[in-house]
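Each chain, written out:
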Amino acid sequence: MNNSPFVRKAASVQSVMLQVLLALLPGIAAYVWFFGPGILVQLALASAAALAGEAAMLAIRGKPKALFLTDLSAIVTAWLIALSFPPIVPWWLTVTGTLLAVVVIKQLYGGLGQNPFNPAMGAFCLMIVAYPALMSQWPAAGQLDFATQLQLIFGGVREVDAITGATPLDALRTALRSAASPDSELHGLRAAQLMDGPAFGWLGGKGGEWVALGYLVGGLWLIQRRIITWHIPVAFCGALFASALVLWGLRPEGFASPLFHLASGGAMLGAFFILTDPVSGATTARGKLLFAAGAGVLTWVIRSFGAYPDGVAFATLLMNILVPLIDMKTQAPVFGHKKD
Amino acid sequence: MSEPTALGLSARTGGVMVAFTIVFTALMAFTYGATKDQIDASAAEEKMKLISEVLPPASYDNLLLDDYAALGPTRELGLDNGGRVYRARQAGQPAALILETTAPDGYSGRIDLIVAVRADGSVSGVRAVTQRETPGLGDYIDPKKDKDKKAPWITQFTGLEAARLPQCKVKKDGGDIAYHTGATISARAVTNAVARAARYAADNQNRLFAAPSGSTL
Amino acid sequence: MDTQAYREIAWNGIWKQNCGIVQILGLCPILAISTNIVNAVSLGLATILVMAMANLVIAALRNFIPYEIRIPVFILIIAALVTVVDLAFNAYLHELYLVLGIFIPLIVTNCIVLARVEAFAAKNEPGGSTVDGIAMGIGLTLVLAVLGAMREVVGSGTLLSGIDMLIPGAQPIVLFGADYPGFLIAILPPGAFIALGCLIAGRNWIEARKQARARANPPAPSAPADAPAEPA
């Protein structure tokens, strides 16, 4: 088995994680600009929960607390959770999800470097299956002021049905499905016409596409800093684009366009920050290509035909299961590659 | 002891097998006979319980389960393989129709419903019989799965008057029926199926009530 | 057979060879039906009934069943008994029958039943075989009950919901109040796998601790006589 190359020295883990956090900042800035500062509250909640959960588990397991708490890996998990959950989920949902990620998905499997599944995506899947209604309520850009957001996060009562909608991904899929039904008023309309609503921007969801651009910028910086390699983002985006292109090319009235897929949901976050997780992802160069391409195709399949709003999380977990096999099968050429 | 011949062995095992088959088939046949009446009664009781949720038992006085007409494939009701219409009568006068109907366009496939439509054209009640909508998201169309126990979503159709039927659409489509965010499709499928069933009942009321009991239309 | 032998059989079925968490047999009904205690225990009771009857009948008839065709005969007998139980549920516990649905007929294909018939009843006398069937069934039922309780408490915050199908008028226990949002994943299939994993881990932990303790202070009578003598 390959362990990630980053767990040798705590100091290097810390510096890598710090740069990952920095790389998330452009996306977070766009997020705050378009959707309000509620997300900052969620980031703080998740970070606190992650540190508390990590500290408790380290104490139980008798590991040195100071060393592992300051490596920032729990904070990265926490931020990815907060950024992939809707910004207005109740506080207990963020906290529960983060605790599950850190305690169950990371520490019960042996802590940093040992977890077979990406903790943030594991938590996302658990929570979306457990609370699909709460996890599907996304505000549109600029729709809610900070006070309303705080009230939704900390207030008990949620009368949000009227003020929130599904994600642009889900909304478009819903519209496409009704357009396929002969009884619907939308019958015969194409994706481009269905995307005329206020929730949509040029490529993806209004505002959401700018957040995705922020992640892209941060991700490119990570590649430039050699924190991640180009393999996973390129293979993931390429596979997602290609699989979307095939059916969209054949039947543009039934499927979303490839660019919409890239600019929506968790695609950019997944490509640069989630699938690139060195612990739960593949480690060899060919393995990374295979791993990320598989995730790209699965993301498109789940988005187009599945029951839940986004497919990145499920695709990541499914490919995580295959990582040992992928690493084993792609190991041989590594001997030749190592020398160059 | 001499080795048994192949033929002898086959005959012996075959005989034993037949004997066991006869004995245990008899056991099953006996149990079937002993429980059949009880099973039929339980099934009828179950059906009446379902119907009583959509139509109060006080509003009719005939033997409902015996007073039905069979429908062939009916597009208006979404029935590809046919279904049944039960006729509720009060003192011999038409009281309500209970229609089996299917919403073909649920999020995860077909949703089977029963819809009770009174003789004045109003909807008495609706229940989902089988559905496979996303758990926790679209399955609120089934009151057993609806988190709101006091006023389950599907009770919006209870007592829906004939005059309001043109507004029997989800709010997103410009009608009166509320739905849960992120799960419009399930609600829309049921709502449209109810509207179609109510319209069908109104259009065919005389024909449906007049058909002899047990006949196929 | 003496009491000791019966006790041995019972312990085997309930703990040592527990078909749910040791042999990991019959997962299909275990995972599918354990969404709450009432469903889980009901299916468990049906399985106990079938296993006890199948073991009894086959042990009693074992001298009449030719070795060459024993498997088809076993299946025939098990299928007939399951049909009887299925019809009885349909007639007298109709609501429960609708909930358990296909999983009562599927007891026929549950490998535990055939495994016990083949491994035990075909070679032992009826008394011991019946005890074995009941013990194995109880082992399965216990796993089902614990799984059902875990999933029901976490998933919907209640215990014994649907009890009125067995005892008319009985009320389920609401643990966390009516506002508990539920943890739906516990009730869905993934929750079954996670909960079963926790149970298996729990049993392994208990066994490991027992062994560690046995190693730490070995029981006096079984101390090996030929062990090298400790210097005094």
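The shown structure was predicted, so the numbers you read here are calculated from the model rather than taken from an experiment. Residue positions are given per chain, counted from 1 along the sequence in the order it is written. In the order they appear in the text, chains get letters beginning with A and ligands get numbers beginning with 1. Only residues with pLDDT of at least 70 get local features here, since the model is predicted, and only at 80 or more are side-chain atom pairs given and counted; chain-wide, interface and lining totals rely on the full set of residues. Note: side-chain values were computed over all heavy atoms of the structure, leaving out hydrogens and water.

A look at the interface of chain C and chain B
At the interface, 25 residues of chain C touch 23 residues of chain B. By convention in these notes, a salt bridge is any Lys or Arg side-chain nitrogen within 4 Å of a carboxyl oxygen on Asp or Glu. Counting across the chain C and chain B interface gives one salt bridge. With its nearest N and O atoms 3.6 Å apart, the salt bridge here joins Glu95(C) to Lys49(B). Two N or O atoms form a polar contact when they lie within 3.5 Å of each other; inside protein one atom must be a possible hydrogen donor and the other a possible acceptor, and for residues adjacent in sequence the pair counts only when both atoms belong to side chains. Linking chain C with chain B are two residue pairs in polar contact (both at pLDDT 80 or more), by the criterion used here. Only runs of H or I of at least four residues qualify as helices and only runs of E of at least two qualify as strands under DSSP, and these elements are numbered from the N terminus. Sorting the residues of the side of chain C that touches chain B by element identifies helix H3 (37-61), helix H4 (70-92) and helix H5 (94-100) of chain C as the ones contributing at least two each. At twelve residues, the largest contribution of residues to the side of chain C that touches chain B is made by H4(C). Each residue is assigned to one of three groups, with Ala, Val, Leu, Ile, Met, Phe, Trp, Tyr, Cys and Pro labelled nonpolar, Asp, Glu, Lys and Arg labelled charged, and all others, Gly among them, labelled polar. For the side of chain C that touches chain B, a count of residues per class yields 20 nonpolar, three polar and two charged. Whether two residues are in contact is decided by their heavy atoms, any of which lying within 4.5 Å being enough.

Notes on the packing of helix H2 (residues 38-61) of chain A against helix H5 (residues 91-107) of chain A
Packed helices, taken two at a time, are described by their axes: the angle between them and the distance between them. Residue and element names in this part refer to chain A. Helix axes use the C-alpha atoms of the stretch in contact, all axes being lines fitted to C-alpha atoms, and the angles between their N-to-C directions lie in the range 0 to 180 degrees. Two elements in contact, H2 and H5, have axes separated by 8 Å at closest approach and are oriented at 35°. The handedness of the crossing between H2 and H5 is right-handed. The segment H2 lies against H5, with Gln42, Leu45, Ala46, Ala49, Ala50, Gly53, Glu54, Met57, Leu58 and Arg61 engaging Trp91, Thr94, Val95, Thr98, Leu99, Val102, Val103, Lys106 and Gln107. In terms of residue class, the contact of H2 with H5 is made up of eleven nonpolar, five polar and three charged. If you view the pair so one helix is near and one far, a crossing is left-handed when the near helix is turned anticlockwise from the far one by less than a right angle, and right-handed when it is turned clockwise.

Details of the pattern of salt bridges
Counted according to the given criterion, the structure contains 14 salt bridges over all chains. For the salt bridge of Asp40(B) with Lys36(B), the shortest nitrogen-to-oxygen distance reads 2.9 Å. Of the two residues, Asp40(B) and Lys36(B) are both situated in helix H1 (residues 6-54); the distance of four residues between them amounts to about one turn of the helix. A salt bridge links Arg70(C) to Glu118(C), with the shortest nitrogen-to-oxygen separation between them at 3.0 Å. Taken together, the residues Arg70(C) in helix H4 and Glu118(C) in helix H6 (residues 111-121) connect sequence positions 48 residues apart. Accessibility here uses a 1.4 Å probe with only protein chains present; expressed as a share of the type maximum, an area under 20% marks a residue as buried, one over 50% as exposed, and anything in between as partly exposed. A residue is classified by how much of its surface remains accessible, and Arg70(C), at 18% relative accessible area, is buried. For Glu118(C), a relative accessible area of 25% corresponds to the partly exposed category.

A closer look at the confidence of the model for chain C
The pLDDT value tells you how sure the predictor is about a given residue, anywhere from 0 up to 100. For chain C, the mean per-residue pLDDT works out to 84, and 94% of the residues sit at or above 70. Scored as a whole, the predicted complex attains pTM 0.80, and scored at its interfaces, ipTM 0.75.

Considerations on unusual backbone geometry
For Arg226(A), which is not a glycine, the phi torsion comes out positive at approximately 60°. For Arg226(A), the position within the fold is in the loop between helix H10 (208-224) and helix H11 (231-250). Taking the relative accessible area as the measure of exposure, Arg226(A) reaches 75% and is therefore exposed. Phi at Leu160(C) takes a positive value of approximately 65°, unusual for a residue other than glycine.

Section: the confidence of the model for chain A
Residue and element names in this part refer to chain A. Across chain A, pLDDT averages 83, with 81% of residues at or above 70. Mean pLDDT values for the elements of chain A range from 53 in helix H16 (residues 334-338) up to 94 in helix H4 (residues 73-84). Here residues 5-10 is a poorly scored stretch, pLDDT under 50, and it has nine contacts once near neighbours within four places are set aside; other chains count.

A short note on the sheet that holds strand S3 (residues 93-106) of chain B
Residue and element names in this part refer to chain B. The criterion for strand pairing is that DSSP finds at least two bridges linking the strands in question. In spatial order, the strands read S1-S2-S3-S4-S5; together these five strands make up an open sheet with antiparallel pairing. Sheet topology places strand S1 (68-71) and strand S5 (123-130) at the edges, where each strand pairs with a single neighbour. For this sheet, the mean inter-axis angle between neighbouring strands, taken without regard to orientation, is 25°. Of the pairings in the sheet, the one linking strand S4 (residues 109-118) to S5 comprises six bridges and is antiparallel in character. Considered in S5, the bridge of Ile114 is made with Arg127. Sheet strands in contact with helix H2 (residues 184-210) are S1, strand S2 (83-90), S3, S4 and S5, and its direction is about 145° off that of S3.

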